[in-house]
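An overview of the molecular structure
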Amino acid sequence: MQAECRVADARTGYALFDIHDVLEDANAAIYGDSGASIAGEDGPADVGGVVGKVLRNLKSFDGIEVEPTDEFARHVATRWRQDNVPPFEAQTVDGGWRLLTSHPRPNGGVALISTDITEMKRIQIAHLDSAEIFRCITDSHPLPVWVVDEESKQIVYESLDGSRLLGRKWRPNEPQFIIDHFADPDDFEKITERVGHDDILRDHEIELRRPNGSSVWCSTNCRRSHYRGRPSLVIGVLDITERKKAEAIKHEATALMQKVLDACPVPTRMSTIEGETLYRNPASRELYGDRGQIGGYYVNPDDRKTLVGVLLDKGCIDDFRVRQYDSNDNVFWGSISARLIDFQGRPVIVSNASNITDIIEAQTQTRQASERLIDAIESLAEGFALYDKDDRLVLANSQYRKMHALSADVLVPGVNWFDFLRVTAQRNQFPVSQDRIDDWLVERAKDRREFRQQEFQHTDGGWFFVSNCPTREGGFVVTRVDITERKRAELAAKEADELVRRVLEACPASIQMTRADDGKLLYRSPASDELLGDVDNAFDSYLHPAHRKQFVERLLLMGEVDDFETQLKRKNGDACWCSLSARLIDFHGDKVIVSHTYDLSDRIEMQQQLERQRETLHQNEKLSALGGLLAGVAHELNNPLSVVLGMSLTLKETASDPKTVERADKISRAAERCARIVRTFLAMARQQPTRTSNVVIDDIVTAAVEVVGYSIKSSDISLSVRRAPDLPAIWADPDQLTQVLINLLVNAEHAVHGWEGQRQIMVSTELQPESGNILVKVADTGPGIPSEILPRIFEPFFTTKEVGAGTGIGLSFCHRIIQSHQGTIQVETAEGGGSTFVVSLPASDRLAERSEAEAIELPKSTGRVCLVVDDEKDVRELIAEILTQDGFTVIVAGSGKEALKQLKSRTFDVILSDLKMPDMDGRRFYNHVSDFHPAEADRLAFLTGDTISPDAQVFLRATKRPYLEKPVKPFELRTFVSRLVNRDA
């Protein structure tokens, strides 16, 4: 005990109690005060009294603030003297640290030990500071993160690194609970409780279990937050498995140290200045072995000399780090703290040593990890910068500097973020006007307060994706990614999409995009919307949905379909035939049909019109053939009619017997009627320009009735005509108006032909008082015109008759002719009540031509010679007789050749020739006269019954020679010839 008392000035204090807890011995270090009394100086003392004195020099005990009460002292005494409990750490009032342990004595009683661990705690705090700096850097890099519903403990968000850490894939739609991965489920409750008290938990260590059974140790940072409106915990972890392994090793060393401290656990020794060992505890013996000289512990013996020199100079030394040999001659790093004391009259060194090899290695690993992290950050393709809580730059990699090339010179550690941004704006790195820099900086201030991701464009056109992420220490991390090429590609794609959209919007074609499987409509052009309406599914447009299935099956098999014809529903619901052409493409992982819809209605209508036009052409060809036949018939009829009409009129003029005159008048009227019928047929078949004159409407009605009257009456249809008296004349083409009335009468006949009711057609003329127009009405008692086709009856080629029975041009022809005469044609009808077509024509304001009866007497042509050329003997004799009575000397010729012989011998005042003659017809005759007797050609005129044939019309128009149509009346002939003679005169 004497030796132990001499060690009272060492850093380890002790107090020895007997079996009755009475203090037997203690040193001053146990009280933390070299001036405190020791055992026996103040009388007997128990454990409570000694602990009470010890507490006077302590600030906290085992993390609890020391209370100056007897109850607290008894509580500490009870805990300190317990067996088999871990040692307690206590902080002294001067900031030092003590490790408190208890040990049973062999003879009963207990030994209380207080060891100074201040330097070791400083090393730990320094280590923790280094670890904090390391975490500051690592927190700026992506780490495993979970967001956990606080109530249900369900994982509502898990980062990719979190999934990798746990070794399984997180599925958001499947409930997964964080507590399932805790090795100790109570750890989660502890985390929740501590976060509930402090709102944030830092560096809490937990053990997690992977699905494969392996475990991983993590340092946890947790903050209370809200996620989607529910209280949640944001948990971020750092994998510290390797560190825990290292700590486990340290823990084992600590456990060993605890056992050593049970019997003075700290390797402690007392030696002379020369190196002779005076005392060493078992821990020291175990550490260093049984070397006789202390100098043998040092790898470099000069290190001990240095230590001794410091002690001799200052009396103490702490944390003197040297490389030493352990008991197995292994080299280790030791931390030595020593004091120079006086022992038995001579200076001795009391020291304790700590093996700090693990700390040195940990510091080395931390430094190397920091260097590796910095190297990793530097190797990133992204720009990376870390700013502290005061907005000062901590570090930035070269990519970050390159992206701020214009302002890289000010981008140095310690520069304020806002000062740096102001420089970038002033140097026009960003498109910010100089007068708005302050406003721009205010907006940027939001970036450092919260997590934000934005795209910025530099003035040079470059684009960057910038992320600002706050750190737990109040700073923030900025990452920048160059997305210039991506933005250019997006712009090009956008422009291409816009071009395609504009093309499709402007394209008159009906284009659609639909999904092949369910028919959902993805896109439709305006033309498609106009055709098919606003539908959501392609099936809704098909009149027969099964056709869509056939269409898709063919498309899936072939990849393309052209001209698939089916019936679709229009926008208004009507059915229409359409042709579909489509191609199959992949769009966002789906089979999509791109189709073009062509409305076949116009094509079908065009085909129908072509059919009608073919029928019309066929009818025109038949009419043309009929016209040619009519021309031949008219020519053959006109010659005898000319004789009958001319002779009857001559007989009427020359006869003195009244009976003879009456008979001649009847013959002439009958002949004139025949002539009118022939002339009407010719007018219907003739294609020639309009020839207008003052026309009496009754004459038109009479001519039309004469043509179709027999057909109507022979069909058992009653025909009545009612004419208003004294109607004014109209200015019109009589042939065209006759055709109009004939068409109306024929249509009326067809309307009542199969009618079971009353079968009657009425034709009437009247004067409309209000307008002064002449009205012609053609009414029938047939079935009437249905209301649905009434608006179309005047359309070209529209007909309700069967193919071959009608051309659809009759009423449209009538409508066009009446309009060309400044008139109107309308219909009044009622189903089952017949129809009435009303033609309204304006009265003529032209002077009336003189009638044959009112004409003045023509002068005699005595002394003039006329050549009459006609192959019909009766016709040329009739003409010769009429002209002879008029004073002409007439010479006749039966052919063109015979007439040429006459021309060779003399000249003529007038030459009248037929067109159609054998041997030499009128055309060849005229050409010969023009070539060889040009003076006679100007006196040549034609009398012909053929003006319908195209050849005749072309010839008469080309020669511009006057002509008179057969049959001819004596007065017409005299007038015609008189005009020729007088014109020449």
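Our structure's up above, just so we're on the same page.
So, here is what we can say about the structure in this document. This is a predicted model, so every value here is computed, not measured. (Residues numbered from 1 in each chain as written. Predicted model: local features only at pLDDT ≥ 70, side-chain atom pairs only at ≥ 80, totals over all residues. Heavy atoms only, no water.)

1. Focus: the packing of aromatic side chains
Heads up, the condition is: Between rings of Phe, Tyr and Trp, where Trp is taken as its six-membered ring, a pair exists when centres lie within 6.5 Å; planes separated by under 30 degrees are stacked, by over 60 edge-to-face, and by other angles tilted. We call a residue buried when its accessible area falls under 20% of the maximum for its residue type, exposed when it is over 50%, and partly exposed in between, using a 1.4 Å probe and counting protein chains only. The criterion is that NZ of a Lys, or CZ of an Arg, lies within 6 Å of the ring centre and within 35 degrees of the ring normal, and then a charge sits over that ring.
Here the structure, examined in full by the defined rule, presents 15 aromatic pairs. When the centroid spacing of 5.1 Å and the interplanar angle of 65° are considered together, the rings of Trp 417 and Phe 418 count as edge-to-face. Among the residues examined, Trp 417 registers a relative accessible area of 4% and is labelled buried. The structure contains a cluster of three or more aromatic residues connected by ring pairs, namely Tyr 387, Trp 417, Phe 418 and Phe 476. The residue whose ring lies beneath Lys 244 is Trp 217, and the NZ or CZ to ring-centre distance is 4.4 Å. Above the face of the Phe 464 ring, Arg 480 is positioned so that its terminal group lies 4.7 Å from the ring centre.

2. Examining the packing of helix 24 (residues 922-932) against helix 26 (residues 950-959)
Selection criterion: Axis geometry follows a simple rule: fit a line to the C-alpha atoms, using only the stretch in contact for helices, then measure angles between N-to-C directions, giving values from 0 to 180 degrees. Note on conventions: DSSP H or I runs of at least 4 residues are helices, E runs of at least 2 residues are strands, and numbering of each starts at the N terminus. An angle below 35 degrees is treated as roughly parallel, one above 145 as roughly antiparallel, one from 65 to 115 as roughly perpendicular, and anything else as oblique. In this scheme, a crossing is called left-handed if the near helix is turned counterclockwise away from the far one by less than a right angle; it is called right-handed if the turn is clockwise. By the convention used here, residues are in contact when the closest approach between their heavy atoms is within 4.5 Å. For this classification, Asp, Glu, Lys and Arg are treated as charged, while Ala, Val, Leu, Ile, Met, Phe, Trp, Tyr, Cys and Pro are nonpolar and the rest, including Gly, are polar.
Two elements in contact, helix 24 and helix 26, have axes separated by 11 Å at closest approach and are oriented at 20°. With respect to each other, helix 24 and helix 26 are oriented roughly parallel. Helix 26 is crossed by helix 24, and the crossing has left-handed handedness. The segment helix 24 lies against helix 26, with Gly 922, Arg 923 and Tyr 926 engaging Asp 951, Ala 952, Phe 955 and Thr 959. Tallied by class, residues from the contact of helix 24 with helix 26 come to 3 nonpolar, 2 polar and 2 charged.

3. Re the sheet that holds strand 21 (residues 463-470)
How we decide: For two strands to be treated as a pair, DSSP must find no fewer than two bridges joining them.
Here 5 strands make up an open sheet; going across it, the order is 19-18-22-21-20 and the pairing antiparallel. Looking at the sheet topology across the chains shown, the edges are occupied by strand 19 (393-396) and strand 20 (452-457). Across the sheet, the mean angle from the axis of one strand to that of its neighbour is 20°, orientation sign disregarded. Pairing of strand 20 with strand 21 involves 6 bridges; the strand directions are antiparallel. Note that in strand 21 the partner of Phe 456 across the bridge is Phe 464.

4. Thoughts on the packing of helix 2 (residues 47-56) against helix 3 (residues 70-80)
Remark: helix 2 packs on helix 3, axes separated minimally by 9 Å, with the N-to-C direction vectors making an angle of 110°. When the axes of helix 2 and helix 3 are compared, the pair comes out roughly perpendicular. Residue-level inspection shows Val 47, Gly 48, Val 51, Gly 52, Val 54 and Leu 55 of helix 2 in contact with helix 3, the latter providing Phe 72, Ala 73, Val 76, Ala 77 and Trp 80. Considered class by class, the residues forming the contact of helix 2 with helix 3 number 9 nonpolar, 2 polar and no charged.

5. Some remarks on a positive patch on the surface
Spelled out, the test is: Only residues whose relative accessible area exceeds 30% and that take part in no salt bridge are eligible for patches, with like-charged residues grouped when within 9 Å of each other and nonpolar side chains (Val, Leu, Ile, Met, Phe, Trp, Tyr) grouped when within 5 Å. Each accessible area is a Shrake-Rupley estimate made with a 1.4 Å probe; only the visible protein chains count as cover when residues are assessed. Basic side-chain nitrogens of Lys or Arg form a salt bridge, by our definition, when they fall within 4 Å of a carboxyl oxygen of Asp or Glu. Neither His nor the chain ends is counted toward charge; the positive residues are Lys and Arg and the negative residues Asp and Glu. Charge positions come from single atoms, namely NZ of Lys, CZ of Arg, CG of Asp or CD of Glu.
The grouping of Lys 897, Lys 901, Lys 904 and Arg 924 at the surface amounts to a positive patch. No other element matches helix 23 (residues 896-905), which puts 3 residues into the positive patch. Mapping Lys 901 onto the fold places it in helix 23.

6. Let's talk about helix 23
An α-helix turns once every 3.6 residues. As a result, residues three or four positions apart point the same way. How we decide: Summarising the geometry, the arc corresponds to the directions from the helix axis toward the C-beta atoms.
Among all positions in helix 23, only Gly 896, Ala 899, Leu 900 and Leu 903 are buried. One side of helix 23 carries all its buried residues, which in axial view fall inside an arc of 105°. Opposite the buried face of helix 23, by more than 90 degrees, sit the exposed residues Lys 901, Lys 904 and Ser 905. Contacts from the buried residues of helix 23 go to strand 35 (865-869), strand 36 (889-893), strand 37 (910-913), helix 24 and helix 25 (934-937).

7. Considerations on the sheet that holds strand 38 (residues 940-944)
Overall, parallel pairing links the 5 strands, which are arranged 36-35-37-38-39 in an open sheet. In this open sheet, the two strands that pair with only one neighbour each are strand 36 and strand 39 (963-965). Between one strand and the next, the sheet's axes are offset by a mean angle of 20°, whatever the strand orientation. In this fold helix 22 (residues 873-885) packs onto strand 35, strand 36, strand 37 and strand 38, with an angle of close to 170° to the strand it touches most, strand 36. Here helix 24 sits on the sheet and contacts strand 35, strand 37 and strand 38; the angle it forms with strand 38, its principal contact strand, is near 175°.

The values reported here are purely geometric and, on their own, carry no functional implication.
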